[in-house]
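# Working through the structure, step by step
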Amino acid sequence: MSATSKDFKTPNAIVRGKGPLREGLHHWWAQRLTSIALVPLTLWMVVSALYLTGADWNAYQAWVSEFGNLLMLILFFVAGFYHMALGLQVIVEDYVHSEAWKFFLIITIKFGSLMLGVACIIAALSVAFGG
Amino acid sequence: MSTGSNRPLSPHLFIYRLIYRPQITSFLSLIHRFTGVALVGGALVLAYWVVAAAYGPEAFDTAQWLLGSWIGILALLAFTFSAFYHLANGIRHMLWDIGFGLDMPTLELTGWIVVLFACVGTFFTWAFAMYLY
């Protein structure tokens with residue numbers, strides 16, 4: 001508990017994440033932050049989808065090459081897939097009671113969301129810069 | 001529950017409070033979760049579309065064609081409604097987080113506003129889409 005013990009962490013730092021709440025509070029905050037970001041991002045996405053209705057590849061390429069569009073698109077992917085992963089995790093925690101299944105499903109959700117997010121970002125960048 | 005009581009138990013409490021006597025609170029909460037899951041499907045379709053573009057014009061044209069088919073249109077319609085509903089109810093959730101609107105009358109009012117927003121948003125988005133295209 002004092003600085004002379006081997007552990008240099010403060011008492012708070014020692015216990016953080018270890019009780020039943022684990023990363024619950026962090027999860028709660030991340031969910032709120034991504035939600036706030038997704039309000040303008042989703043509305044922008046709807047308008048963009050309208051703009052790109054029936055578009056051919058050249059029209060899409062011209063659209064995504066614009067810095068503003070590319071930025072918003074990538075931010076939408078980041079916030080969206082993160083938000084999705086958090087939400088799905090909550091659903092698993094609510095309905096799945098086997099600890100082993102929870103472990104497997106939550107890891108699958110996190111990895112899957114990450115992979116999809118990275119895939120989308122790379123796809124957008126490659127069209128924007130690859131032409 | 002083995003307390004030895006012989007009283008009949010309802011098969012599932014949900015049945016009496018969700019379907020026979022739906023409450024706006026629990027029902028909208030269920031729809032919020034339901035639209036969230038629907039939007040996962042939307043995210044997958046979006047991912048397919050964006051990655052198809054990265055694979056070139058032919059792949060992108062196929063993706064556009066699929067989305068333009070009647071199944072695609074139906075799916076997009078569902079995703080549109082889900083997005084508007086989930087967005088509006090999400091804001092309602094965050095208002096609760098700061099303590100606003102937790103009494104029953106306000107819950108009913110904001111609940112109906114959410115449903116209205118979702119329907120109106122979906123309607124105008126699609127009206128606009130059909131006008132443009």
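Above this text sits the structure in question.
Reference entry: report on the structure contained in this document. Bear in mind the structure is a predicted one, so any value in this text is a computation, not a measurement.

## With respect to the overall build of chain B
A tally of helices and strands in chain B yields five helices and zero strands. Listing each helix as α and each strand as β along chain B from the N terminus yields α-α-α-α-α. Put simply, chain B has 133 residues, and 34% of those count as buried. Carbon and sulfur atoms provide 74% of the accessible area of chain B, an area that totals close to 8,800 Å².

## Here's the deal with the interface of chain B and chain A
Across the boundary between the two partners, chain B contributes 29 residues, which contact 35 residues of chain A. For the pair chain B and chain A, the summed buried surface comes to about 2,500 Å²; carbon and sulfur atoms form 80% of the total. Applying the counting criterion to the chain B and chain A interface returns two salt bridges. A salt bridge links aspartate 97 of chain B to arginine 32 of chain A, with the nearest nitrogen and oxygen atoms 2.5 Å apart. Counting across the interface, chain B meets chain A through five residue pairs in polar contact (both at pLDDT 80 or more). Listing elements by their share of the side of chain B that touches chain A, those giving two or more residues are α2 (24–54), α3 (57–68), α4 (70–97) and α5 (104–132) of chain B. Considering every element that reaches the side of chain B that touches chain A, the biggest residue donor is α2 of chain B, with twelve residues.

## Notes on helix α2 (residues 24–51) of chain A
Its 28 residues place the ends of α2 of chain A 39 Å apart at the C-alpha level, agreeing with the 40 Å of an ideal helix rising 1.5 Å per residue. Where α2 of chain A bends most, at leucine 38 of chain A, the angle is about 35 degrees, and the proline proline 40 of chain A comes one to four residues later.

## So, the packing of helix α4 (residues 67–95) of chain A against α2 of chain B
Contact pair α4 of chain A / α2 of chain B: the axes reach a minimum separation of 10 Å and the direction vectors enclose 140 degrees. As far as their axial angle goes, α2 of chain B and α4 of chain A are oblique. Note on packing geometry: the crossing formed by α4 of chain A with α2 of chain B is left-handed. Here Phe76, Phe77, Phe81, Met84, Leu88, Val90, Ile91, Asp94 and Tyr95 of chain A of α4 of chain A lie close against α2 of chain B, whose contacting residues are Arg33, Val37, Val40, Ala43, Leu46 and Val50 of chain B.

## A look at a nonpolar patch on the surface
Residue and element names in this part refer to chain A. There is a patch of nonpolar side chains on the surface, built from Leu21, Leu25, Trp28, Trp29, Leu33 and Ile36 and spanning about 650 Å² of accessible area. Mapped onto the elements of the fold, leucine 33 is located in helix α2. Judged by its relative accessible area of 51%, leucine 33 falls in the exposed class.

## A few points about the packing of aromatic side chains
Applying the stated criterion across every chain yields a total of 13 aromatic pairs over all chains. Aromatic side chains tryptophan 44 of chain A and tryptophan 63 of chain A sit 5.7 Å apart centroid to centroid with 25 degrees between the ring planes, which places their arrangement in the stacked category. In this pair, tryptophan 44 of chain A sits in helix α2 while tryptophan 63 of chain A sits in helix α3 (residues 57–65), placing the two residues 19 residues apart along the sequence. In this pair, the class of tryptophan 44 of chain A matches that of tryptophan 63 of chain A, namely buried. Plain terms: the ring middles of tyrosine 60 of chain A and tryptophan 49 of chain B are 5.1 Å apart, the flat faces sit at 70 degrees to each other, and that makes the pair edge-to-face. Linking tyrosine 60 of chain A in helix α3 with tryptophan 49 of chain B in helix α2, this pair reaches from one chain into another. Of the two residues, tyrosine 60 of chain A and tryptophan 49 of chain B, neither departs from the other in class, the shared state being buried. Through pairs of rings, three or more aromatic residues link up here, namely Trp44, Tyr60 and Trp63 of chain A together with Trp49 and Phe60 of chain B.

Cut-offs applied
- Residues numbered from 1 in each chain as written.
- Chains lettered and ligands numbered in written order.
- Predicted model: local features only at pLDDT ≥ 70, side-chain atom pairs only at ≥ 80, totals over all residues.
- Heavy atoms only, no water.
- Helix = DSSP H or I, 4+ residues; strand = E, 2+ residues; numbered from the N terminus.
- Buried < 20%, exposed > 50% of the residue type's maximum accessible area, 1.4 Å probe, protein only.
- Areas by Shrake-Rupley, 256 points an atom, 1.4 Å probe, with all protein chains shown as cover.
- Contact = heavy atoms within 4.5 Å.
- Buried area = accessible area lost by both parts, 1.4 Å probe.
- Salt bridge = Lys/Arg side-chain N within 4 Å of Asp/Glu carboxyl O.
- Polar contact = N/O pair within 3.5 Å; in protein donor to acceptor, adjacent residues only side chain to side chain.
- Expected span 1.5 Å × (residues − 1).
- Bend = angle between axes of the 7 residues up to and from the residue.
- Axes fitted to C-alpha atoms, helices over the stretch in contact; angles between N-to-C directions.
- Parallel < 35°, antiparallel > 145°, perpendicular 65-115°, else oblique.
- Left-handed = near helix turned anticlockwise from the far one by under 90°.
- Patch = residues over 30% accessible without salt bridge, like charges linked within 9 Å, V, L, I, M, F, W, Y side chains within 5 Å.
- Phe/Tyr/Trp six-rings, centres within 6.5 Å; stacked < 30°, edge-to-face > 60°.

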